[in-house]
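# Breakdown of the fold
The chain contents come next:
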Amino acid sequence: MDQTTTGATISFQQVFDILPGQYIVLDADHVIIAASDGYLNTISKNREEATGHNMADACATYFTITELHVIIESITQAFQNKVATSTQLQAPKFINVLNTPLLNGEDVIAVIHKIDNITQQVQLEDKVLHLNKELQAFSYSVSHDLRAPLRAVLGFSRMLEEDFKDTLGTEGKRLLGTVCANATRMGELIDGLLVFSRTGRKELKPRSVDMNAIAEAVLKEITKETNSNAKVTIEYLPMATSEPLLISQVFTCLISNAIKFSSKKEHPAVHITSSIIADEIVYSVADNGVGFNMRYADKLFGTFQRLHTSDEFEGTGIGLAIVQRIINMHGGSTWIESEPDKGTTTYFSLPLSK
Amino acid sequence: MENTEVEIVLVEDNPNDAELTIRALKKNHFANRIVHLENGADAIDFFFGEGAYAGRDVSNQPRVILLDLKMPKVNGIEVIIKLKSDDRTKTIPIVVLTSSKEDPDVAKCYALGINSYIVKPVGFDNFLKAVGEIGLYWLLLNQPPNR
């Protein structure tokens, strides 16, 4: 900026030339004194067509009569009450209007009238809401409509097995077993998908949560269900502001993964700890299991991504995707470190409570 | 047959689910006097002795109704509303059987006065167990109002 602008004679036009946005300056008769390029673009007028003209005339092709009425009312109030006024135009154009009076002593000499067209934003928000509703309907339909045929596949396979036991023979039974195993697996995948989509829709009601208590409760639950001989150690974990049910889902996934992928070791060990780094608490679950090549690390948080076959380790590949979604919802992040045959450490961070 | 005593009424439009349910009931020895109705409209006719069931003794009501929700024409919710708003039928226990716990109608069903809400398990063993437990509870354990 050059030196002369430090004086008091800076014009509105000079300011508007460098300030992005949509502004006009109006005198008490609502005549446009100055206009920003953005404003002129919006109302599709050039400078000559706007400045020196009454605002209502200059904008008549852009605003409807009703819209103009609302805007002029708001501008008039700014002149009269000597305070900033704001209003919002609703459908079809969503526009935020702000009128700031310029005072010279007690007198309002002009009003800066600023508009912000948020129509696109409102439309996007509507679209997101709509898509969310659609997704909800979709997941209902997935769970309802896909489960019914699966139930028939499994049920009728069983009837076949029971009613034709003698004629089926060993090979027949093996084939039927494969049908059932696959139908069962498909049921698990559908359930996983449902949990995943439900998690994203859950409303967060975060509160201060005792992470040690959660980790220990989860561990107890898991050891009850699996006959694991893993030695699990849980160190002190700081409290975190979070949604306890979701965090317990995170620990369930990470601890069962650690136990699962270390189960083939002679002395499986799982270590749960934490550290505070900058303004985040980083929690980690480490195992001494099979590990994996870090080349594939970025894949693991995707839905149904697996690095092992179901024969090696059972699972659907949805767990870490759910973990990542939950942690992202809390404003944290997830990452994983591993080395083949050495073990894997999965980390998640949560913002430090203020 | 319309005046023999009925113990279980199954209202289910999916023939496969119906066959599975009936088989599961039989396996659990609750095969006695099951009536299978294929849609909500038939259910209304049955319980109020109308249409194809004109002349049925409507004081002869089952010990329990197993009701699917998603049915064409007259759906399960409409059946519940109809049954629960009539003195002749409002005391019959209704067990809703549905495919999904994602169902937006769970709360609505309870508000309308149903007695139980069961998600049909996908696996046959669990399905068998669930149906067996429903039979055991409603036909043997539960004490119905004066009959």
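Residues numbered from 1 in each chain as written. Chains lettered and ligands numbered in written order. Predicted model: local features only at pLDDT ≥ 70, side-chain atom pairs only at ≥ 80, totals over all residues.

## What about the nonpolar core?
With 39 residues, the main nonpolar core has Ala215(A), Val250(A), Phe251(A), Leu254(A), Ile255(A), Val270(A) and Val323(A) as its most contacted residues. Put simply, the parts of the chain that give this core at least two residues each are helix H8 (211-225), helix H9 (244-261), strand E9 (269-277), strand E10 (280-287), helix H10 (319-329) and strand E12 (343-351) of chain A. Here this core gets ten residues from one element, more than from any other, and that element is H9(A). Counting 35 residues, the second-largest nonpolar core is a separate cluster that includes Val9(B), Leu10(B), Val64(B) and Val131(B). (Core = buried A, V, L, I, M, F, W, Y, C linked by C-beta atoms within 7 Å. Buried ≥ 20, exposed ≤ 12 C-beta atoms within 10 Å, placed from the backbone. Helix = DSSP H or I, 4+ residues; strand = E, 2+ residues; numbered from the N terminus.)

## Brief notes about helix H5 (residues 65-81) of chain A
All names here are of chain A. Its 17 residues place the ends of H5 24 Å apart at the C-alpha level, agreeing with the 24 Å of an ideal helix rising 1.5 Å per residue. Along H5, the positions that sit buried rather than exposed are Ile71, Ile75 and Ala78. One side of H5 carries all its buried residues, which in axial view fall inside an arc of 50 degrees. Away from its buried face, by an angle of more than 90 degrees, H5 presents the exposed residues Ile65, Thr66, His69, Glu73, Gln80 and Asn81. At its buried positions, H5 is contacted by strand E1 (22-26), strand E3 (85-89), strand E4 (95-104) and strand E5 (107-117). Of the residues trailing H5, Lys82 is marked for its positive phi of about 60 degrees. (Expected span 1.5 Å × (residues − 1). Arc of directions from axis to C-beta. Contact = placed C-beta atoms within 7 Å.)

## As for the sheet that holds E1(A)
Residue and element names in this part refer to chain A. Taken in spatial order, the five strands make up an open sheet running E2-E1-E5-E4-E3, and their pairing is antiparallel. Single-partner strands in this sheet number two, and they are strand E2 (32-35) and E3. Recorded for the sheet is a direction-independent mean angle of 20 degrees between the axes of neighbouring strands. As judged from the three bridges shared by E1 and E2, these two strands associate in the antiparallel manner. The residue of E2 that forms the bridge with Ile24 is Ala35. (Pairing = 2+ DSSP bridges. Axes fitted to C-alpha atoms, helices over the stretch in contact; angles between N-to-C directions.)

## What about helix H1 (residues 15-27) of chain B?
The end-to-end C-alpha distance of H1(B), which contains 13 residues, comes to 18 Å, matching closely the 18 Å that a straight helix rising 1.5 Å per residue would cover. One or two residues past the end of H1(B) sits His29(B), with phi positive at roughly 65 degrees.

## Focus on the interface of chain B and chain A
Residue-level contacts link 15 residues of chain B with 16 residues of chain A. Looking at the side of chain B that touches chain A, the elements that each hand over two or more residues are H1 and helix H5 (124-141) of chain B. It is H1(B) that provides the largest number of residues to the side of chain B that touches chain A, a total of four residues. In the side of chain B that touches chain A, the residues fall into five nonpolar, five polar and five charged. (Nonpolar A, V, L, I, M, F, W, Y, C, P; charged D, E, K, R; others polar.)

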